[in-house]
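The chain contents come next:
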Amino acid sequence: MKLNYLITTTLALTSCQLVQAAEVKYMLWDSNQLPAYQQCATDFQAKNPDISIKITQAGWNDYWTAISTGFVSGTAPDVFTNHLAKYPEFAKSEQLVDLAPLITRDKVANDQYEAGLYEVWGRDGKQYGLPKDWDTIAFIVNMDIAKQAGVSLEELQNMEWNPKDGGSFEQVIRKLTLDEAGNNASSDKFDKSEVKVYGFQTPGGGGMMGQTEWSYFAVSNGFKFHDKVWDNKYYYDDPKLVETISYLASLPDKGISAPYEQTKSLGPDAMFVGGKAAMIPQGSWMISYFKDNAKFPTAWVPLPKGPSGQRATMFNGLADSIWVGSKVQEEAWKWVKYLGSADCQAVVATKGVVFPAIKGMAEKAMETQKAAGVDSSAFIVMSKEKTFLAPIADNGSQVDDLMKISLESIFIGKVDPATALKEANTKINALGQ
Amino acid sequence: MKTLSPVSFLWQPFSPGRRTETLTGYALILPALIGFSLFYALPLFRAFELSFTDWNMLRAPRFIGFDNYIQMWHDGRFWNGMKLSLYYVLLNIPLQTALGLFLAVAMDRLTRSIVVRSVILLPYLLSNVLVALIWLWMLDPLLGIVNSMITSLGFERHAFLGSPSEALATIAGINIWRHMGLVAILFLAGLQNIPRYLYEAAIIEGASEWQMFRHITLPLLRPVMVFVLVTSVTGSFQIFDTVAVTTAGDPYDSTNVIVHYIIQNAFSFYKMGYASAMSMALCLVMVLYTLIQMRMMRASESDLA
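Please read these numbers as outputs of a predicted model, since none were measured by experiment.

All names here are of chain A. If you walk through the whole model with that rule in mind, you get 1 disulfide over all chains. Put simply, Cys 40 and Cys 344 are joined by a disulfide, and their sulfur atoms are 2.2 Å apart. The chirality of the disulfide connecting Cys 40 with Cys 344 is right-handed, given an S-S dihedral of about 95 degrees. In this pair, Cys 40 is assigned in helix H2 (residues 34–47) and Cys 344 in helix H14 (residues 342–351), connecting sequence segments 304 residues apart. Comparing Cys 40 with Cys 344 shows no difference in burial state: the two are buried.

The structure is reproduced here in structure tokens:
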């Protein structure tokens, strides 16, 4: 009798295991974030034993090729991290599941996220992603160089900028710039052909968004990309932008930034880490990169105030989307909902890699970073200043390419800013017709 | 010494005695034939079809006639890409072939060492991406070792891959470094097929080193030369990987060679139909080039025959 019982239970248990867990494939591009989301997946699976999450990570360029070819071949991941520059085309081609009915059905509170993050992922009442994080821009400074130059942290935190003479921002970067003989750029003896450390380095052209390159300068100078999200009419020929770009293009002539051609290969991040640039702009997603790679004391400082009297930063955020071709959409939604929930975002916050989208979580991430020796409060300061959203509209990749070429032509000195930007803007607005 | 090219092999008339030989021949080329039809002929046909549509990978393709071809004709960046690819071939091939030939002759004369041969082939054995990355780091204007050597010798700093005027030549240089060894090994194999008695006779006649090279080596190397030129020119015209890793078409489109521009249209702009049309144009150029080249160099004959 006992044996029989044992056999039946064993059989019953085995047959239970035969019912396989539904597999949800999830993809992301940032390897820094992988451990955090792996932890979320483990927690999620413990709560939902009938669902297994398989995470794949691929670098930025391969990532988008894998996603778009996956749509065609039927092998795209069920859920993937989406980007504002990329999702409009996917939505237009009906590749993304509209989450709005599911959000209503399951009563997901969309006001739990920081303002604006939820809205940018929707169009005409449809919702294409659930927010997971946000980012702003700040400057990172090599404090060894700053100390030698006699520039205090307080000065760095309170810079002002204008396109005429650069304001106190330019005064600071002149002090940070050193030539081979040890003269700084505010000295008469400064030799701009023999620069050892450049005071400031923009990361180049920046395409349609100029997220880390010029957008914050331009917006603090009164520029706006377009009237509202999804508006295909851009103002890239605005004199406010022309002024800003002209100013940035003049920095290498003054010897306080490296010539554009010389920053193309490895770029400002490597220049900063290698001690060739004293201050560079970067996004909050790079906090851990500099913590791991800069072998000298650093400080993140808020961006300078512009002529508008305010600091400005792009306020950008990623979201998770579901592919329409997914065979496990209900399970995929459960996972997306979990990714956007306080449970998972608290885990992300404790890893301190990015700022989670849910209100109040960013402060937790900041505490984690503080414990690891990095003061990231500059990004939170920026998020409370004038923030603007990334300019999303149709034909993103082509608009981006046109702006990239236009800005390059300015920075290498081939075309003057007003002409180049006017030409690009005409072409871009013709695309949206 | 006359070798049969695959083409002349297929044209051999059937005779009962050679029947089994013919069948074996077909059996031997079957794997290559399957590979060719599956990975070349079929996609080629499909691309031809797509070049008349507005397919963007995500929505169903719509037939639009010759619109893509008309757009291509008026697209300055397409012509820029073609021009850059051609310019790249001119930068790349003459130097690469000459250096390879020089290395081969030197090796043939001076050494049989397997070590030397291996070392010369070594750059080719590294992956393209790796080679490109190594040079990207070494050539960085501010942090790279090459510039720190140049400036310490008192010369001016060069932007190399960041400069619109130097970037394409730099990419050509990287690939010459990588491919030269392979070209040398191919020429060496050709050289070793040239009967030694020709040189002995020439020496007895009092011919100079240069005369021997000019009148014996070079003409008898022609089949190898054809092979090297046809494959390296078509390969070089389709340069993509080094560009993708080092410059991605920048700065200011100065390295946006045709294949890179095609891929940009296909996978960044999602204009697959337009990319297919440009691929057809590229394919046509390559076929024409190969035909002319084969004609001019009388590829299947060697002067030894």
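Next, the rest of the story.
Residue and element names in this part refer to chain B. Running from amino to carboxyl end, helix H13 (residues 258–268) crosses helix H14 (residues 272–297) at an angle of 160 degrees, the nearest separation of the two axes being 7 Å. Viewed along their axes, H13 and H14 adopt a mutual orientation that is roughly antiparallel. Handedness of the H13/H14 crossing: left-handed. Residues Ile 258, Val 259, Tyr 261, Ile 262, Asn 265, Ala 266 and Phe 267 of H13 touch H14, and the partners they reach there are Met 272, Tyr 274, Ala 275, Met 278, Ser 279 and Leu 282. For the contact of H13 with H14, the class distribution of residues is 11 nonpolar, 2 polar and no charged.

Attention shifts here to the UniProt feature "transmembrane region" (unreviewed entry) in chain B. Here the UniProt-annotated "transmembrane region" (unreviewed entry) positions come out as residues 23–42, 86–107, 119–139, 167–189, 220–240 and 274–292 of chain B. Helix makes up 100% of residues 23–42 of chain B and strand 0%, with an end-to-end C-alpha separation of 25 Å.

So, about the sheet that holds strand S12 (residues 298–301) of chain A. Residues and elements named next belong to chain A. Taking strand neighbours across the sheet as the criterion, the 3 strands line up as S11-S8-S12 in an open arrangement whose pairing is antiparallel. Every interior strand has two partners, whereas the edge strands, strand S11 (279–283) and S12, have only one. Adjacent strand axes in the sheet meet at a mean angle of 30 degrees when their direction is disregarded. Pairing between strand S8 (residues 137–142) and S12: 4 bridges, direction antiparallel. Bridge pairing in S12 places Asn 142 opposite Thr 298.

Looking along a regular strand, one sees the side chains alternate between the two faces of the sheet. All names here are of chain A. Of all 7 residues in strand S1 (residues 22–28), 5 are buried, a share of seventy percent or more. When S1 meets strand S2 (residues 51–57), the two strands line up parallel, connected through 7 bridges. Paired with Val 24 across the bridge in S2 is Ile 53. Once the chain exits S1 it traverses H2 before rejoining the sheet at S2, and the crossover so formed is right-handed. As paired strands, S1 and strand S3 (residues 79–82) are joined by 2 bridges and run parallel to one another. Note on S3: the bridge partner recorded for Tyr 26 is Val 79.

Our focus in this paragraph is a nonpolar patch on the surface. On the surface, B:Tyr26, B:Leu28, B:Ile29, B:Leu30, B:Leu33, B:Ile34, B:Phe36, B:Leu38, B:Phe39, B:Tyr40 and B:Leu42 cluster together to form a nonpolar patch covering roughly 1200 Å² of accessible area. When you line up the elements, B:Leu28 lands in helix H2 (residues 19–50).

Cut-offs and rules
Residues numbered from 1 in each chain as written. Chains lettered and ligands numbered in written order. Predicted model: local features only at pLDDT ≥ 70, side-chain atom pairs only at ≥ 80, totals over all residues. Heavy atoms only, no water. Disulfide = S-S within 2.5 Å. Helix = DSSP H or I, 4+ residues; strand = E, 2+ residues; numbered from the N terminus. Buried < 20%, exposed > 50% of the residue type's maximum accessible area, 1.4 Å probe, protein only. Axes fitted to C-alpha atoms, helices over the stretch in contact; angles between N-to-C directions. Parallel < 35°, antiparallel > 145°, perpendicular 65-115°, else oblique. Left-handed = near helix turned anticlockwise from the far one by under 90°. Contact = heavy atoms within 4.5 Å. Nonpolar A, V, L, I, M, F, W, Y, C, P; charged D, E, K, R; others polar. UniProt positions renumbered as here; feature names shortened; annotations may be inferred. Pairing = 2+ DSSP bridges. Right-handed = clockwise from strand over helix to strand, strands pointing away. Patch = residues over 30% accessible without salt bridge, like charges linked within 9 Å, V, L, I, M, F, W, Y side chains within 5 Å. Areas by Shrake-Rupley, 256 points an atom, 1.4 Å probe, with all protein chains shown as cover. Salt bridge = Lys/Arg side-chain N within 4 Å of Asp/Glu carboxyl O.

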